[in-house]
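Coordinates in review
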Amino acid sequence: MCSVEGIVKKGGMRIGVTKGGGGGGGAGASGGERVDKFKKGSRMKLWIIRAATSVLLWTCIVHLTTFGETWGPRVLKGCPSCFSHRDSSVSAIEDKVLSVPARVVPPKRVYKNNGYLMVSCNGGLNQMRAAICDMVTIARYLNVTLIVPELDKTSFWADPSEFQDIFDVDHFITSLRDEVRILKELPPRLKRGVEMGIVYSMPPISWSDMSYYHNQILPLIQKYKVVHLNRTDARLANNGQNLDVQKLRCRVNFNALRFTPQIEELGKRAVKLLRQNGPFIVLHLRYEMDMLAFSGCTKGCNDEEVDELTRMRYAYPWWKEKIINSDLKRKDGLCPLTPEETTLILRALDIDNTYQIYIAAGEIYGGKRRLAGLAAAYPKLVRKETLLEPADLSFFQNHSSQMAALDYLVSLESDIFIPTYDGNMAKVVQGHRRYLGFKQTILLDRRLLVDLIDQYNNGSLSWDEFSDAVKESHENRKGQPTKRLVIPDRPKEEDYFYSNPEECLQQRLSQLSSS
């Protein structure tokens with residue numbers, strides 16, 4: 001244990017009383033002057049001892065706090081899983097999804113920094129969310145410093161939001177400090193070079209494993225000091241990764257990527273308002289204009305709308321598929337269900353029409369006309385715009401990713417989550433709900449359903465036959481524990497890692513089996 005005296009001496013400060021020095025008269029200091037100097041020296045000594053003691057006490061408090069946060073749970077609870085500070089039951093986890101937990105600062109990981117990694121995410125909120133998880137993991141295993149990711153501002157949504165506008169950036173940095181160093185910006189010297197355009201920029205190869213990043217990307221970082229990855233979607237393989245790699249991807253997704261307090265609080269308020277009126281289902285009705293234009297799916301659209309969607313598809317050069325057969329694509333199950341088709345499926349599944357249906361989506365193409373049937377069948381149809389006050393949402397206007405973050409939080413808390421298309425939000429929310437205890441998520445088999453719908457509409461099936469077929473085919477498609485489908489060399493067709501991160505779900509399975 002360090003003593004105060006030791007600390008004072010170590011600091012290069014000598015405590016003592018100066019012996020008499022020669023004065024102008026050569027006779028030495030008078031007795032009174034010596035007493036004054038002795039008193040001043042004593043006061044100085046006392047002040048230094050107090051200051052040193054304060055420093056020592058604060059140092060001990062900080063070290064003890066870090067020690068307690070890091071090792072306390074391990075001593076009391078045994079070896080932890082890859083996630084620290086988890087609740088002991090699934091119900092406790094669900095209750096705290098939207099709450100802001102106490103801040104935990106893990107000890108900093110010390111490693112030789114191989115350089116700096118800058119990344120520019122592309123796509124919507126949930127595509128970027130998954131990409132951020134991948135980029136953190138890559139940075140960690142390359143032993144480089146990650147700069148806080150840049151979000152997409154040039155896509156269809158043109159959302160100007162920065163990372164810190166959507167995610168709690170300080171929590172993101174500190175919660176991962178035991179794995180990887182993350183900075184808000186490059187050091188000044190390197191930043192000046194980047195601002196002058198002196199940076200090596202490239203898109204990494206899609207669905208690569210970690211060996212690609214070690215063998216191809218790390219040498220570039222070591223050579224140039226800074227490398228900028230300008231595309232990040234699906235750049236890390238779903239499968240064949242080290243277990244620690246997969247668990248870190250989960251840790252970033254479920255622990256480090258917390259939304260801003262403003263978004264979290266509004267999400268909590270929305271859930272509370274819904275809960276006051278009973279059970280609620282979140283319907284991710286992916287029937288916005290951009291989705292229809294991109295996919296070329298025009299079922300139920302009039303000629304004018306088909307022309308409008310086609311013009312939009314040709315207006316975006318990075319949407320590579322231009323000539324699309326809508327009918328054929330629909331029969332292959334590659335189109336989102338229309339609002340009318342969705343209404344039939346909800347009824348066939350015997351979804352209670354007294355339940356609230358919260359639509360998690362942007363503006364539905366065709367507006368009230370296309371939603372009329374759904375609203376008639378389920379009168380308690382709500383959206384964030386009708387649930388919350390305009391003043392609550394004013395800050396989020398023209399910020400589609402922040403709106404999507406609100407929908408994400410409500411989707412996690414719903415009694416049932418039903419996506420009508422397997423886009424990024426459907427996949428990431430599905431995986432997050434598995435992590436929260438395999439909460440019910442009905443995964444619609446669109447290829448089968450459109451065939452059943454057509455048979456019902458042309459009179460080949462009665463309503464009872466149609467309903468029975470829908471229910472029977474979806475009995476095992478409700479988000480239950482299952483193995484992730486792996487298709488070697490065809491990553492686009494296999495199950496997405498973030499939709500079923502089974503490597504991170506063993507604790508949840510144990511909790512379910514013991515309950």
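Heads up: these notes are all about the structure in this document. Just so we're clear, the structure is a prediction, and the values are computed from it rather than from any experiment.

Once their charged atoms are close, side chains differing in charge can pair, the charge on each being opposite to the other. In total, this model carries 29 salt bridges according to the counting rule given. A salt bridge links R258 to D168; its shortest N-O distance comes to 4.0 Å. With a gap of 90 residues between them, R258 in the loop between helix 9 (243-256) and helix 10 (261-275) and D168 in the loop between helix 5 (163-166) and helix 6 (169-175) connect regions that are remote in the sequence. Accessibility expressed as a relative area gives 12% for R258, which makes it buried. As a salt-bridge pair, E502 and K483 come within 2.9 Å of each other at their nearest N and O atoms. Here K483 lies in the loop between helix 21 (463-473) and helix 22 (506-514) and E502 lies in the loop between helix 21 and helix 22, a separation of 19 residues in the sequence. Residue K483 is classed as exposed on the basis of its relative accessible area, which comes to 64%.

Here the focus is helix 21. Residues of helix 21 that are buried: F466, S467 and V470. The buried residues of helix 21 all sit within an arc of 95° when viewed along its axis, so they share a single face. Turned more than 90 degrees away from the buried face of helix 21, the exposed residues are D464 and E472. Elements that come into contact with the buried residues of helix 21 comprise helix 14 (339-348) and helix 20 (446-457).

One non-glycine residue, A234, lies in positive phi territory at about 50°. The backbone of D350 shows a phi angle near 60°, a positive value even though the residue is not glycine.

It is worth spelling out the state of the cysteines at this point. Inspection of every chain in the model, using the stated rule, returns two disulfides. One disulfide in the model links C297 with C335; its S-S distance is 1.9 Å. Between C297 and C335, the S-S dihedral sits near -85°, and the bridge is therefore left-handed. In this pair, C297 is assigned in the loop between helix 11 (289-295) and helix 12 (303-315) and C335 in the loop between helix 13 (326-331) and helix 14, connecting sequence segments 38 residues apart. Comparing C297 with C335 shows no difference in burial state: the two are buried. Ordinal numbering of bonded cysteines along the protein chain defines a disulfide pattern of 1-4, 2-3. Unpaired in this structure, C121 has its nearest cysteine sulfur neighbour in C133, at a distance of 9.9 Å. On the accessibility criterion, C121 (4% relative accessible area) is buried. Summary of cysteine pairing: C133 is not part of a disulfide, and the nearest cysteine sulfur, belonging to C250, is at 8.4 Å.

Conventions adopted
Residues numbered from 1 in each chain as written. Predicted model: local features only at pLDDT ≥ 70, side-chain atom pairs only at ≥ 80, totals over all residues. Heavy atoms only, no water. Salt bridge = Lys/Arg side-chain N within 4 Å of Asp/Glu carboxyl O. Helix = DSSP H or I, 4+ residues; strand = E, 2+ residues; numbered from the N terminus. Buried < 20%, exposed > 50% of the residue type's maximum accessible area, 1.4 Å probe, protein only. Arc of directions from axis to C-beta. Contact = heavy atoms within 4.5 Å. Disulfide = S-S within 2.5 Å.

In short, geometric facts, not functional conclusions.
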